[in-house]
Amino acid sequence: DTAVSQTPKYLVTQMGNDKSIKCEQNLGHDTMYWYKQDSKKFLKIMFSYNNKELIINETVPNRFSPKSPDKAHLNLHINSLELGDSAVYFCASSPLGRGFTGELFFGEGSRLTVL
Amino acid sequence: GNSVTQMEGPVTLSEEAFLTINCTYTATGYPSLFWYVQYPGEGLQLLLKATKADDKGSNKGFEATYRKETTSFHLEKGSVQVSDSAVYFCALRAGSARQLTFGSGTQLTVLP
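No experiment lies behind these values; they were computed from the predicted model shown.

**Some thoughts on the environment of L92(B)**
- With respect to the helices, strands and loops of the structure, L92(B) is situated in strand β10 (residues 86–93).
- Taking the C-alpha atoms as reference points, L92(B) and V80(B), 12 residues apart in sequence, are found 25 Å from one another.

Here it is, written out as structure tokens:
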């Protein structure tokens, strides 16, 4: 079983469309994250949820809206897609509190291409 | 603020060559330091870590030593293999922060 799974793996869409990426983890972790990796491989955190509560919300356009229906799922919805949103989006999870040693468990990424 | 600076890639080596990827950091207090690896088409995974000065992290033949005096955490491997071709990320966790700060990644290609 995949520990952190994301769908879809590839997403090609037109500017102005709305799309969602889903993430699920079966590791029993309390915390989940969304990271954006640009074409130069630079990795930047976008959001983090701990047990359905938003705990990190970096400077991200409000076209991006995360949703966590339960602690095992964290979805990312993007409205009015722009060319600059093209990137690979990674979901990750970790335990929090004393259990967090700095190790994040990443999904395989979702490559979004906006035409 | 916290930041991580890695040597720019790409790095191309022949099999069995010695590898060094430089990483320096800026942080308040005493951060924990990490190296993550991203193989083609996969997500990042933890390679090794060190949580205090002079600690050496090691895994799969890779090593890195936490040097407080030079604020560095350089990644080394004595003899690289084709299967080591990947992107390597240095990262830090400042104190009990809930997130990591990543460097920009270094692409390594090992040729047979």
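**Concerning the side chain of S32(B)**
All names here are of chain B.
- Structurally, S32 is set in strand β5 (residues 32–38).
- With a relative accessible area of 12%, S32 lands in the buried category.
- Look past the residues within four positions of S32 in its chain and what remains in contact with it is A50, T51, A91, L92 and R93.

**Looking at the sheet that holds strand β8 (residues 62–65) of chain B**
Residues and elements named next belong to chain B.
- Strand order in this open sheet of 4 strands is β3-β9-β8-β7, and the pairing throughout is antiparallel. If you trace the sheet from one side to the other, it starts and ends with β3 (19–21) and β7 (56–59), each paired once. Taking the axes of each pair of neighbouring strands and ignoring which way they run, one obtains an average angle of 15° across the sheet.
- As paired strands, β8 and strand β9 (residues 75–77) are joined by 3 bridges and run antiparallel to one another. Looking across to β9, one finds that A64 is bridged to L75.

**With respect to the pattern of salt bridges**
All names here are of chain B.
- Inspection of every chain in the model, using the stated rule, returns 7 salt bridges over all chains.
- We note a salt bridge from K52 to D55, for which the minimum N-O separation is 3.4 Å.
- Assessed through its relative accessible area of 22%, D55 is described here as partly exposed.
- Across the pair E63 and K56 runs a salt bridge, and its minimum N-O distance is 3.6 Å.

**Observations concerning the sheet that holds strand β3 (residues 19–25) of chain A**
Residues and elements named next belong to chain A.
- Taking strand neighbours across the sheet as the criterion, the 4 strands line up as β1-β3-β8-β7 in an open arrangement whose pairing is antiparallel. The open sheet has two free edges, formed respectively by β1 (4–7) and β7 (64–70), since each of these has just one partner strand. Each adjacent strand pair in this sheet contributes to an overall mean axis angle of 20°, direction not counted.
- Here β7 runs beside strand β8 (residues 73–78); their pairing, made up of 5 bridges, is antiparallel. Of the residues in β8, the one forming a bridge with S65 is H77.

**Description of the nonpolar core**
Residues and elements named next belong to chain B.
- With 27 residues, the main nonpolar core has W35, L47, L48, F73, L75 and Y88 as its most contacted residues.
- Take this core: its biggest share by element is 4 residues, from β10.
- Other than its neighbours up to four places away in sequence, L48 contacts L33, F34, W35, G57, S58, N59, F62, E63, A64, F73 and L75.

**Concerning the state of the cysteines**
- Counting across every chain of the model gives 2 disulfides over all chains.
- One disulfide bridge connects C23(A) with C91(A), the sulfur atoms lying 1.9 Å from each other. When the S-S torsion is -80°, as for the bridge of C23(A) with C91(A), the disulfide is left-handed. With C23(A) in strand β3 and C91(A) in strand β9 (residues 87–94), this residue pair connects regions lying 68 residues apart in the sequence. Summarising the burial analysis for this pair, C23(A) and C91(A) share the class buried.
- What pairs with C23(B) in a disulfide is C90(B), and their sulfur atoms sit 1.9 Å apart. Of note, the bridge from C23(B) to C90(B) carries an S-S torsion of about -70° and is left-handed in sense. Pair noted here: C23(B) is in strand β4 (residues 23–26) and C90(B) is in strand β10, with a separation of 67 residues, a long-range link.
- Residue C90(B) is classed as buried on the basis of its relative accessible area of 1%.

Cut-off values and rules
- Residues numbered from 1 in each chain as written.
- Chains lettered and ligands numbered in written order.
- Predicted model: local features only at pLDDT ≥ 70, side-chain atom pairs only at ≥ 80, totals over all residues.
- Heavy atoms only, no water.
- Helix = DSSP H or I, 4+ residues; strand = E, 2+ residues; numbered from the N terminus.
- Buried < 20%, exposed > 50% of the residue type's maximum accessible area, 1.4 Å probe, protein only.
- Contact = heavy atoms within 4.5 Å.
- Pairing = 2+ DSSP bridges.
- Axes fitted to C-alpha atoms, helices over the stretch in contact; angles between N-to-C directions.
- Salt bridge = Lys/Arg side-chain N within 4 Å of Asp/Glu carboxyl O.
- Core = buried A, V, L, I, M, F, W, Y, C linked by side-chain atoms within 4.5 Å.
- Disulfide = S-S within 2.5 Å.

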